[in-house]
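Results of the structural survey
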Amino acid sequence: MKNYDKLIFVGSGNTALSPMAEAILQKKFKIEDILIESRGLVVLFPEPVNPKAEAILVSHGLSMKDYRSQALKEEDFDPRTLMIALNAQVKEKIIQQFEKAQNVYTLCEYIHSDEVLQDPYGGTVSDYGRCFDQMQSLVETLGDKLLEEDK
């Protein structure tokens, strides 16, 4: 039986890591009946995906060029929504800031990995590429876990 109807990746600004994770999971896995989205904790106005992140996505046959960042809101929380924070600091802020916070895990926590996702913020395109490779591996493991839970 399926555990969740929606999965939301949550990052700081929702302009690089969280849309990257969203794109990878949507492209690589056909998870039936699970809506995959992303949000940010600090989104003052809708912004496009970071150009370096978009360049790396395009180089892997993905794109989020029409995407605009969105802030995480209280109404995003639901018992059937899985919140995947991209690091421990984001998870802590979610729990502190949102009264309805539930089903909140870091990506690595949910898939039982000891890895720490490297944030390329302020880095080169190569840094974003290394982050993408790491993210892809982690998100593929997440996709496999979600498919297994769906049985």
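Shown above is the structure to which this text applies.
Note that the coordinates shown come from a computational prediction; the quantities given were computed from them, not determined experimentally.

So, how was this worked out
Residues numbered from 1 in each chain as written. Predicted model: local features only at pLDDT ≥ 70, side-chain atom pairs only at ≥ 80, totals over all residues. Heavy atoms only, no water. Salt bridge = Lys/Arg side-chain N within 4 Å of Asp/Glu carboxyl O. Helix = DSSP H or I, 4+ residues; strand = E, 2+ residues; numbered from the N terminus. Buried < 20%, exposed > 50% of the residue type's maximum accessible area, 1.4 Å probe, protein only. Contact = heavy atoms within 4.5 Å. Polar contact = N/O pair within 3.5 Å; in protein donor to acceptor, adjacent residues only side chain to side chain. Expected span 1.5 Å × (residues − 1).

**Concerning the pattern of salt bridges**
In this structure the tally under the stated criterion is 8 salt bridges. Measuring nitrogen to oxygen at the nearest pair gives 3.2 Å for the salt bridge that ties R80 to D5. Note that R80 is positioned in the loop between α2 (51-59) and β3 (81-85) and D5 in the segment before β1 (6-11), a separation of 75 residues in sequence. A residue is classified by how much of its surface remains accessible, and D5, at 34% relative accessible area, is partly exposed.

**Considerations on the environment of T106**
Checked against the element boundaries, T106 lands in strand β4 (residues 104-106). Judged by relative accessible area, which is 12%, T106 ranks as buried. Look past the residues within four positions of T106 in its chain and what remains in contact with it is I84, A85, N87, A88 and K91. Polar contacts involving the side chain of T106 include one to the main-chain amide nitrogen of E109, which spans 2.9 Å.

**Details of helix α5 (residues 125-149)**
Under the 1.5 Å per step criterion, the end-to-end length of α5 is 35 Å for 25 residues, consistent within 8% with the ideal 36 Å. For α5, the full list of buried residues reads Y128, G129, C131, F132, Q134, M135, Q136, L138, V139, L142, G143 and L146. For α5, the elements touching its buried residues are β1, α1 (17-28), α2, β3 and α4 (107-110).

These figures come from the coordinates and say nothing about function on their own.
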